[in-house]
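Below, each chain spelled out in residue letters.
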Amino acid sequence: MILYYLPLILIFLAAIISYKFNKTGYILTAIASIIFSVFTFKIYDYITYFYLIAAIVWVITSLFSITYSKNYGKWLSPLFILTVAGMMLILYSANFLVFISGWEIMSIPAYLTVAINKKNDIEAYVFMFFSEISTVLIITAGVLSFYYTGTLNFVKINNDIVLLIFAIGAMSKMGLTPFMISEWLPIAHGSAPANSSAIFSATMTLMGVYGITKLALLSPESLYVGILFIVIGIISVLFGALYAYISENMKSLGGFSTIENNGTILSVTGLFVAVNNSILRTFILITIVIYAMAHSIAKTGLFITVGHTGSEYFSEVNNIKDNENSLGKFFILSSLSGLLPSLGGLATWMVIEAFFMTAFLHGPLGVTAIIAGSLIAMGEGFATAAMLKIFYFTNRGNKKHIKYESHIILLNGVILVLLFIISPLIIGRYYISGIPSVLIFNGFMIESKFSNADFGLISPVYIFILILIFTVIAYMIFRKPKIRVSERWNGGIENNEYYNSFVYSNNIRLILKKILRTKYENNELIQTVDLFWLVMIDLAGAYRKISKYIAYKFMNSSISMYLIYMIFAFVLIIIITSVVY
Amino acid sequence: MKYYKFGNKNGRYIGSNNKYDVYENTIASKIPENNAIIEKKPYEIYFNYGPSAGGLRESVNFSIVTPGETIRDITVNSHYKRRKIKIINDDINNALLKIERINGFHTASNTVCFLLAIEDALDIDNTGSNDKRIIEIELERIRSNIDVIKGLCESAGFSVPEKQLLYLREKITRIISDTFNHRYFFSANQINNVCGNFNKIRLNGIYDEFYEIYNSLLESKIFMDRIQENGIVNDINSSGPAARASGYKYDARIDSESLTYDNYNIYTMEEGDTFSRFMVRSNEVLASINIINKLLREIGNGKNNTEIKNNSGEGTARIESPQGDIFYYVNIEDNKIKDLSMVSPSYLNIELFKKAVKNNNILTDFFFVWESFGIWVSELEVDFI
């Protein structure tokens, strides 16, 4: 038993040690993560796949942090490790109490990390505000669960309201505030050092996915909750991908990309909640974990790639190529673009398949699934453009002290390709087959199917081998391409002008200017403001105004008015409680 | 100087050269221009086009400041081909040869305006050649406007109307060649005289052919989409078809006495976009054909009186060239050029182009806007020495 919790003990120990010896702390974190995944991961028990995902991310970020965190003072490593410890506690939790404790242990060091590393407090407060909304809603879900089941443990519930409230809370943490894309996540994630941004984006949001999935497994099917998740998810996918494409802050781009990925996961989770066919549900559950795996690992790669540039904005990067870095980036960004041969490619294929298969259930869900599948495919297209932006504009020179970071980036990319190749081993046997007559042997093919109907198929090993063979053949025939580099012709004028990232994505700013609110100010500035964020700021402003008005006009030093307010609030609570009971 | 005097601003602005600012009725000392280099923002780039690039028939460089796609600002550098013309102290006939070669495509406008200024300086009665000169200028206008519309079709990738218009342009050029013995009016103009066989001018076929192409273009939704609401400019300081496309009734055929037109009706549009400039130019092609046909019925082929009373004096002339007002000032002493100044319509047009192209346009709009002004950079860099 103690052995089972050993990783937890080790990681809290690492948090303490790292204050003095941060290198040791990071290594201990990596070790604890590996032990954690070995002890907890069980094949075909899909909820445990989250443990493996989290462990892979923690190992990569811990190794990256060894060199990266040198410039960030002594507090970064204990706070980073404490955040990881909180997440581990969440994954260990069997009841709401431990879950909520883990949630807070994860969140508070995260606010501090942002606060310590930014001159302004605003980013940390924004982060804290949205995170604490999620905490309040999760506590509410816990209380309701206790009301319906009589226990705080995670057990079967016959009511979908707990899932709904929990999910809204988790969504807030994932940057998916219902019916709006909020800028808080990119602001918060973009304001931390890259190693922390990576765990915020890759695993902190994963905890939300984990929580929703866990409760979805315990809750009854619900068409309406499912469709609600799908709609919120789709809005997040489209806007997340769009804002990622036009973002000039590299870490904000990663933050928006996280919103896009989480939107996809939420949509698929909605499908899971709405569908009542057990075979299809299992396929959808596998899709959730494979997509979460691809997103989390690749997002870690994206943030360490950005951290490796040593800058925050595209315009500050020196743009000198490094082959190892480029190759690693290529695999990582392919995965985030939903392209083969990477785990992201497989995950995106599974998402689209899941939606299009659901269309065969007909009815409102069928129609929603067709539309949602198409929109997600569109969002993936936008995401590819955003990832190309990262690929082109984040090259950094081949200096010795950052060579180690390039190794980690390459390792991250290779992990995504390896996971793609071995994916048939971790997907349920029902969906694994082959067509021996065309030399695809049994066990090498993933098939999307439910009832008696077969849909699409994919064979990761064959895809990888074919790509490899054609690459090798092309190389053997043509060898290294002879490239003649010539000076650019610039109309006969000397001008050291280069295409930049802002120019690259300005087409979308202009095409979608109604949505993105692109405008020239004084005929000079271009500003893109998140419409939803503006509405929220307006609402907050209006709320403050009303509060101030009431405070000054009615309750200003008036004990009697205050008492009336107290009595009114008390009566209201009694009425609400009575109605609920 | 019958028509102009030196002084302060009076009337509409015609343009400037390196010495003078010229208005409708006066010549004023030049106010220095503010040619500040545009600073780009950190997220923007300078996008260079030209001076040596496909699609440009003259050496000109555009430095476009862009945050991507949209044109925030533009600098036009036209100084790649300096044109210092040694003309001071030349006699009039020798000077005329040089003036003819300033811009071959607009030789008639330049030489007629120059000669009108000479005739003003030497107090020559030139009423006898007025109508012939109008025919000459209007023929040049037809050819020039067809060329501009051809440029718009080329920008839109409309090869068929482009080639049809090129064919029409060639037809006009051959009519000019048959009439004046030179495709670009070289040696056709003399003091108070135009050498040409005007009986050879037959334009009715051209009227019908052009009208058909013009109507076809108006029916093309793709073409209209590309030129409507594109390159909008509305500036009180404008000239020629660009001014008339913005609703200004500016036309030297009406407000200058150098050449006298009989009851000319100005065609104007209000929008000031590329489409309006296309409409103005197209309608002026048809109007010019009508003017020529009317004058052909009235003129004879006789030679005019070339008697010269004085051999010294100052003179000016302003006429409506195809691109707008062209202005010449001459000072003659003993039949030799002592001072010479020219204001090209391209001067104002280039200023208008800069304003139009940065008015909510993207890079692909650039060519339409540029072509619609029919600017000739060669005229801008002329410096008489």
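Per chain, residue numbering runs from 1 following the sequence as it is written. Here every chain gets a letter starting at A, and every ligand a number starting at 1, in the order they are written. Local features in this predicted model are restricted to residues of pLDDT 70 or higher, and side-chain atom pairs are both shown and tallied only at a pLDDT of 80 or more, whereas totals for entire chains, interfaces and linings draw on every residue.

### Here we look at the overall build of chain A
Our working rule: In this text, helices come from DSSP runs of H or I with a minimum length of four residues, and strands from runs of E with a minimum of two, each type numbered from the N-terminal end. C-alpha atoms define the radius of gyration, and 2.2 Å times the number of residues to the power 0.38 defines the globule rule. As a rule, residues whose C-beta atom has 12 or fewer other C-beta atoms within 10 Å are exposed, those with 20 or more are buried, and those in between are partly exposed; C-beta atoms are placed from the backbone.
Counting its secondary structure elements, chain A contains 21 helices and five strands. For a compact globule of 581 residues, the expected C-alpha radius of gyration is about 25 Å, and chain A comes in at 25 Å, within 12% of that figure. Taken over the C-alpha atoms alone, chain A extends approximately 90 × 65 × 50 Å along its principal axes. Across the 581 residues that make up chain A, the buried fraction comes to 50%.

### Brief notes about the overall build of chain B
Stated precisely, the cut-off is as follows: A pair of residues counts as a contact when their C-beta atoms, built from backbone coordinates, are separated by no more than 7 Å.
The helix and strand tally for chain B stands at 12 helices and 14 strands. Relative to its length of 385 residues, chain B is compact, with a C-alpha radius of gyration of 20 Å against a globular reference of 21 Å. Summarising its shape, the C-alpha atoms of chain B cover approximately 65 × 50 × 35 Å along the three principal directions. The long-range share in chain B, meaning contacts at least 24 apart out of those at least 6 apart in sequence, stands at 67%.

### Observations concerning the interface of chain B and chain A
As a reminder, the rule being used: Amino acids are sorted into nonpolar (Ala, Val, Leu, Ile, Met, Phe, Trp, Tyr, Cys and Pro), charged (Asp, Glu, Lys and Arg) and polar (every other residue, Gly among them).
The interface of chain B with chain A comprises 18 residues on the first partner and 17 residues on the second. At the level of elements, strand E5 (45-49) and strand E6 (61-66) of chain B are the ones that each hand at least two residues to the side of chain B that touches chain A. Looking at which element gives the most residues to the side of chain B that touches chain A, the answer is E5 of chain B, with four residues. Split into classes, the residues belonging to the side of chain B that touches chain A amount to nine nonpolar, seven polar and two charged.

### Regarding the sheet that holds strand E1 (residues 432-435) of chain A
All names here are of chain A. Put simply, the rule is: Criterion used throughout: strands pair if DSSP finds at least two bridges between them. Axis lines are fitted to C-alpha atoms, over the contacting stretch for helices. Their N-to-C directions set the angle, which ranges from 0 to 180 degrees.
Ordered in space as E1-E2-E3, the three strands form an open sheet in which the pairing is antiparallel. Every other strand in the sheet has two partners, leaving E1 and strand E3 (453-458) as the edge strands with one partner each. Within this sheet the neighbouring strands show an average axis-to-axis angle of 55 degrees, counted without direction. Bridge analysis of strand E2 (residues 440-450) against E3 gives four bridges, and the strand direction is antiparallel. Following the sheet pairing, Lys449 is matched in E3 by Asp454.

### Observations concerning the environment of Ser63 of chain B
Residues and elements named next belong to chain B. Locating Ser63 in the fold gives a position in strand E6. A count of 21 C-beta atoms within 10 Å places Ser63 in the buried class. Along the primary structure Ser63 and Asn230 are separated by 167 residues, whereas in three dimensions their C-alpha atoms are 20 Å apart. Apart from the residues within four sequence positions on either side, Ser63 is in contact with Tyr46, Asn48, Ile74, Thr75 and Asn77.

### Structural notes on the environment of Asn95 of chain A
All names here are of chain A. Tracing the chain through its elements places Asn95 in the loop between helix H4 (76-92) and helix H5 (96-117). The class of Asn95 is partly exposed, set by 15 C-beta atoms lying within 10 Å. Taking C-alpha positions, Asn95 is 3.9 Å from Asn153, a pair spaced 58 residues apart along the chain. Sequence-distant contacts of Asn95, that is, excluding residues within four places in its chain, are made with Leu152, Asn153 and Phe154.

### A look at the domain arrangement of chain A
Applied cut-off: The split into domains, and so the bounds of each, comes from an automatic or database assignment of domains.
By the assigned domains, chain A splits into domain 1 (6-434), domain 2 (435-478) and domain 3 (533-581). The straight-line distance from the C-alpha centre of domain 1 of chain A to that of domain 3 of chain A is 37 Å.

### Quick look at helix H9 (residues 194-218) of chain A
Using the following cut-off: The span expected for a helix works out to 1.5 Å for each residue beyond the first.
Across its 25 residues, H9 of chain A extends 36 Å between first and last C-alpha, which sits within 8% of the 36 Å expected from 1.5 Å per residue. Burial runs high along H9 of chain A: 22 of the 25 residues are buried.

### Brief notes about the pairing of strand E11 (residues 313-321) of chain B
All names here are of chain B. Burial analysis of E11 places seven of its nine residues in the buried class, the great majority of the element. Here E11 runs beside strand E12 (residues 324-333); their pairing, made up of nine bridges, is antiparallel. Bridging from a neighbouring strand, Gly313 pairs with Ile332 of E12. Connecting E11 to the next strand, E12, in antiparallel fashion are two residues.

### Some details on the sheet that holds strand E1 (residues 5-6) of chain B
Strands pair in a sheet through their backbones, by hydrogen bonds, and they do so in one of two ways: parallel or antiparallel. Residue and element names in this part refer to chain B. Within the open sheet, the four strands sit side by side as E1-E4-E3-E2. Their pairing is mixed. Edge positions in the open sheet fall to E1 and strand E2 (13-16), since each of these has one partner strand only. Two elements, E1 and strand E4 (residues 26-29), share two bridges in a ladder whose sense is parallel. Each residue of the ladder has a partner; that of Lys5, found in E4, is Thr26.

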